[in-house]
Amino acid sequence: MDRQKLHKTTMKFLITGKNGQLGKEFVKSLSSGVAESSGKVVEWESVGRKECDISSPSQILEVFESVKPDIIINCAAYNFVDKAETDYLNAFKVNAIGTRNLAFACKKHNAFLVHFSTDYVFDGKKNSGAYTEDDRPNPLCEYAKSKLAGEEFVKEYLFDYLIFRVSWLYGEGKNNFVHKLLQWAKTQEYLKIAYDEFSVPTSTKIVVKYTMAALKKDLSGLFHLVNSGYASRLEWAKLVFKTLDIKTFIYPVPRRQFDLPAKRPKFSAMNSAKLEKELDEDIPYWDDEVIRFCRNMR
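Residues numbered from 1 in each chain as written. Predicted model: local features only at pLDDT ≥ 70, side-chain atom pairs only at ≥ 80, totals over all residues. Heavy atoms only, no water.

Draft legend 1. Fine view of the sheet that holds strand β1 (residues 10-16). An order of β2-β1-β3-β4-β5-β10 is seen for the six strands of this open sheet, with the pairing classed as parallel. Bordering the open sheet on either side are β2 (41-47) and β10 (221-224), each of which pairs with just one other strand. This sheet shows a mean twist of 20° between the axes of neighbouring strands, independent of strand direction. Here six bridges tie strand β4 (residues 112-118) to strand β5 (residues 161-166), and the two strands are oriented parallel to one another. Looking at β5, one finds that L113 is bridged to Y161. (Pairing = 2+ DSSP bridges. Helix = DSSP H or I, 4+ residues; strand = E, 2+ residues; numbered from the N terminus. Axes fitted to C-alpha atoms, helices over the stretch in contact; angles between N-to-C directions.)

This is the structure:
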């Protein structure tokens, strides 16, 4: 897009996927005036699948022509990792084709696209530290393949864009590990949690905060956006229960016991150093953010 457009005094945002946990966090933040600190007047609209199915090019173009957005924040996604193994056509339809449609509309209407991808684009075989943006993706499951295809479509259609890879996202929603832990604890005497699967628990608040900071600084390109450090599923679960004073016993098990349909990387922790350097700011550690989130739940 024309970079001068990002310096307008009034900016119009369009958020897709408004009913997901990340979309809800953006709506909440924009509603509270989080972007006003940039000195700009921010207007925004949000759409869910009912208002705009991103797999439909005509629906997207219709919304673009009506809203006339400057910046699109794409939170629409097919996130059912295991279901995607058999329902891969729908996963690809949303995560790849839908993203392509948005990229095409952005190019046609001179808008800036912010898109979110996943740590699952990696195979987990790296043994020399957390993944960086320079590491080569090698997805293991259909969900991850569809997300990587979405990334490639953005790069193919657009010169200017922001792609953020996030991991183990949690927030005010039901489709995340924290919510599932709390539900399991209500009905089960003890929980089996994997001790040998590692990534970075990342809160939606962190994603929204640093996305807006990146937009304010006119950043462009591919970045990893996660909390600092990394953890196993077991460490994450134990911290949640400790913070909320939940006494349910946690039994450590290898992840192979769950025999899930989709292959997942054993170690997919990513490094946000590139983004931190550009923003000149340190992103909080995963455990501090989990504690903050759980205390707010109380």
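There is more to say, and it comes next.
Draft legend 2. Fine view of unusual backbone geometry. Phi at W168 is positive, roughly 40°, even though this residue is not glycine. Along the polypeptide, W168 turns up in the loop between β5 and β6 (169-170). A relative accessible area of 8% means that W168 is categorised as buried. Although it is not a glycine, D245 sits at a positive phi angle of roughly 55°. Inspection of the secondary structure assignment puts D245 in the loop between α7 (233-244) and β12 (249-253). In this structure D245 comes out as partly exposed when scored by relative accessible area, which is 48%. (Buried < 20%, exposed > 50% of the residue type's maximum accessible area, 1.4 Å probe, protein only.)

Draft legend 3. Layout of the packing of α7 against helix α9 (residues 286-297). Across the interface, α7 lies against α9 with an axial gap of 9 Å and an inter-helix angle of 40°. With respect to each other, α7 and α9 are oriented oblique. The interaxial crossing formed by α7 with α9 has right-handed handedness. Here α7 contributes E235, W236, L239, V240, T243 and L244 to the contact with α9, which in turn contributes W286, D287, V290, I291, C294 and R295. Residues that form the contact of α7 with α9 fall into these classes: eight nonpolar, one polar and three charged. (Parallel < 35°, antiparallel > 145°, perpendicular 65-115°, else oblique. Left-handed = near helix turned anticlockwise from the far one by under 90°. Contact = heavy atoms within 4.5 Å. Nonpolar A, V, L, I, M, F, W, Y, C, P; charged D, E, K, R; others polar.)

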